[in-house]
Amino acid sequence: MSTHAATVRAFRGTAIALGAALLAGAAAAGPLVPTAASAAPNTAPNAAPADAPRDGLLAEYLFTQTTGSAVPNTAGAASPLGPATVVNGSDALWTGSSLRFTGGAKTSTADWVRLPDALLAGEQSATITVETKFDASMASNWHFLWNIGSDSTSSYYFATLKDPARTAITTASNGGEANARTTSPLVPDRWYSVTSVIDGAADTISFYIDGVRVGQTATALTPASITDQTVNAIGRSPWPDGFYKGEVSTFRAYDRALSAAEVAAVSDADSSLHASSFQASAQASLDSIQPIDMSDSSITLPTANGATLSWSNPSDGLALGSAGTTLQAVQPAPGSSELTGTVTATATVRGVSVSKEIPVTVAPAAAAGDDYGYLMVHFIEDSAGYAEKIYLDVSRGDDPEQWDPLNGGEPILASQLGTTGIRDPYLTRNPETGTYYIIATDLRVFGGDGGAGACTSWCHWTTKGSTKLLVWESTDLVSWGEPRSLDVSLDANGGEVAELGMAWAPEATWVDDYFPDGRGAFVMYWSSNLYENPEHTGASHNEVLWGATTDFTQGTYAYGGSFIDTGANAIDTTMIQNDGTTYRITKDNGLGNGIYMESTTAERWWEPGTAWTQLQSRIGAAWAGGNAGGVEGPAVFKSHSDERWYLYVDVIPSTGYRPMTTTNLDAGWSQLNDPSFFMAPSTKHGGVISLTKAQYDTVRSADAAAAVSSDLGSIEVDAGSDPNELAGALPATADVVLAYDRGTAARPVTWNEASVDLDTPGTYPITGTVSTYSANLDTWVGAGGSSAWNAPDRVLSSSAAITVNATVVVTAPAGPSFTVLADTRCVAGKVVLVAKAANTGETAAEIAIVTPYGSKTVQLDAGAGKSLTFSSRLASISAGNVEATSAGGTQSAAFAARTCN
């Protein structure tokens, strides 16, 4: 439990000091700012809004009449298409500016609109744009807003407002859909411009809401790919989905891909039809903003579904980040009183704006060791790309319901081993060593080895897939090493212990006294098919097996056996412990239970014979429309701030995690419907760990977009210096620009000094890598540049590391700052050697003179000189040298041979 006082869950972030204190007792929320002027609605029957593009317009249906079932095509005489027809309509459904769609089951007589056949036949590009308002029921129910196709469920082009709203095209049913999606929910009962653009030249399908592109994906399909266009419709799906419920004002179809500016022009034109409603929509978005509680010194400001939010006028002591998306402050010291202030929010809906002041409370800072924040590991499902890698997300402050992807949402780690795919990762820590581990499934579904013959894809993987788990290590949660493998079908010496068809979804729980002598170990559990023969034939099913290890290496691994065997497929076990009870949550794929939870109070809960009590089944099915099999990959963790637990369930195939919550584990889980919950789409099957405030700050400071400056200047070292002297002279850190508008931070730099020759004077440019998440090994390439999963000689690297430069100047040593001369003379028939030393430096110096006939030391002031004599006591001497040494170096002077008569 955290020692940091719990605060109201709102919007939190990382620490960036501003050097100013908040003023206490700031004013409460102020009055609304006057709204922008709005154009009067256009209610003329079938009158085209001004400025909608006309070039390429095939069909334009304006639902502004008040009677009738035929809706004329107002695209112009050049269009060969006739009117649209309202099916099951009545005059009561016309409002004068729209047609109401009543919705209902596919078997009902709800109204829909039949569009002309062959509407987009043969077209390589197209744009369809609709002005619509949808009923709240559409956000959670399958439906088509419009469809180009027939009653076939294999080939169609459509849009839907079911969360997440999207447009798609397919010729291979729903499994082959190329989807362009929104990243945030739309708001019911609000008028939207909804536009789909297929660009055959660019091979893309794009989705626009209110003239702004919100999604795009690649596709080679075009409207011409839909060869049967005999049931083109508004409000009706070829599937057994219900009819659309809402209103439609305009429908346009173009035979070309409109530009972004043209799509915006359509939205602006159609907005005039219901401009008077936008003030209420903007006000509703503004009213949904709660008072802001800052648990950290930089928080991500809220966004609003259905409106664009902007921020201004922070009160004294508050500041907006450079991008206007964060609010920053200096927090009071731990244990101090909170501070208050205000910031102004402006909500804009299609050109109409409303503003008000939002109260802000700044909590005291958490202490470095307090529980604070969460880190999530996961992968992403993407059939169109190689996304089966490791991703990390961090909570927004201490909020377990809002998450920011690290590294710009790009992968942090890749695997060049085995299948080259990573799925189902889990993050854990050895409390005895402090080492963090990521363990994961070695499986690449998209672009990997799918087998051959009659048994491919999941058939191949479950029978003959990889039995190796992937493992990474870190001590700081930022820098991760290269992956290694742990084969769970082998013992510590490499001997086979079980005939396993695959190994996936590994997790582990630390047991303090696993060994009889009191040492701890991880009890690891994963899913496998268990066979009785090496050919892996015969009946089998997914079991959850277990083993033990201290560090996820082969040398410490011991196979345990079966952990869960229901006689049917069981996968994806996750576990949590509380007050002496162990809870395990598993996905049943064979008996109809979906995700179910059990508990036991047994201390050695992994051992055979343990009694488990089932507490709940079909957990999270509501997130998949009641389909218990539509959710998997549960991830469970406890909140810091209250007695609450969270369970994230993965809505398959591509929606990703959705939240469940409870305040009593024994009572089971309930769906969390919180509009402020945020997680990036397709965040799938991973695990969550708790952080301390110090760790949270480290994670945030390592999430950088770029270096503030790539040139860190030059340093000088003397020739002959050792590598440690060079390392000590180089800049130890570089300033980086943090993600999410969180300011800057200093991060360690690792320099590549191999090019510097410390023995040779010269200038040497060098490069350093900044310690950020982007510095990890997130890509690989094989021999000859191959990216094939089975390419030989695969080598890992970082694709986007932040690098900085410096210049090392190796200088020659300075010459001695003194001179020395030597001469001889005869005194009483004997040779006397005379050494003359002079200090040419700017400070006093001690000079030691060594001759063949003795040594002397002399102290000389700056500019002073002195002669020293040395008697040889010989009548004749040979030529030689005098050596003089000071702190500045050594000089020598020669003298000639001499004979005295």
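Everything here concerns the structure above.
Residues numbered from 1 in each chain as written. Predicted model: local features only at pLDDT ≥ 70, side-chain atom pairs only at ≥ 80, totals over all residues. Heavy atoms only, no water.

A. Just the overall build of the chain, in detail. Assigned secondary structure in the chain consists of five helices and 62 strands. By the compact-globule yardstick of 29 Å for 901 residues, the chain is too spread out, its C-alpha radius of gyration being 37 Å. For the chain, the spread of C-alpha atoms along the three principal axes comes to 140 × 70 × 60 Å. Looking at the chain as a whole, 52% of its 901 residues qualify as buried. Here the chain displays about 35500 Å² of accessible surface, and carbon together with sulfur accounts for 50% of that area. Taken together, the 47 basic and 91 acidic charged side chains of the chain have centroids lying 3 Å from each other. (Helix = DSSP H or I, 4+ residues; strand = E, 2+ residues; numbered from the N terminus. Rg over C-alpha atoms; globule rule 2.2 N^0.38 Å. Buried < 20%, exposed > 50% of the residue type's maximum accessible area, 1.4 Å probe, protein only. Areas by Shrake-Rupley, 256 points an atom, 1.4 Å probe, with all protein chains shown as cover. Lys, Arg positive; Asp, Glu negative; His and termini not counted. Charge placed at Lys NZ, Arg CZ, Asp CG, Glu CD.)

B. Quick look at the packing of aromatic side chains. Per the stated rule, a full pass over the model turns up 32 aromatic pairs. Pairing Phe134 with Tyr192 gives two aromatic rings, centres 6.3 Å apart and planes at 25°, and the pair type is stacked. In this pair, Phe134 is assigned in strand β6 (residues 126-134) and Tyr192 in strand β11 (residues 192-199), connecting sequence segments 58 residues apart. Judged by relative accessible area, Phe134 falls into the buried class, the value being 1%. Here Tyr192 falls in the buried class, since its relative accessible area comes to 1%. Members of the aromatic cluster, connected to one another through ring pairs, are Tyr374, Trp403, Phe637, Tyr646, Tyr648, Tyr657 and Phe677. One residue, Lys162, lies across the ring of Trp142, its end atom 4.1 Å from the ring centre. (Phe/Tyr/Trp six-rings, centres within 6.5 Å; stacked < 30°, edge-to-face > 60°. Lys NZ or Arg CZ within 6 Å of the ring centre and 35° of its normal.)

C. Region of the structure containing the sheet that holds strand β20 (residues 326-329). Spatially, three strands are ordered β17-β20-β19 in an open sheet, and the strand pairing comes out antiparallel. Each end of this open sheet is capped by a strand with a single partner; those strands are β17 (298-300) and β19 (318-320). The average undirected angle you get between the axes of adjacent strands in this sheet is 25°. Alignment of β19 against β20, held across three bridges, turns out to be antiparallel. Residue pairing for β20: Ala319 is matched across the bridge by Gln328. (Pairing = 2+ DSSP bridges. Axes fitted to C-alpha atoms, helices over the stretch in contact; angles between N-to-C directions.)

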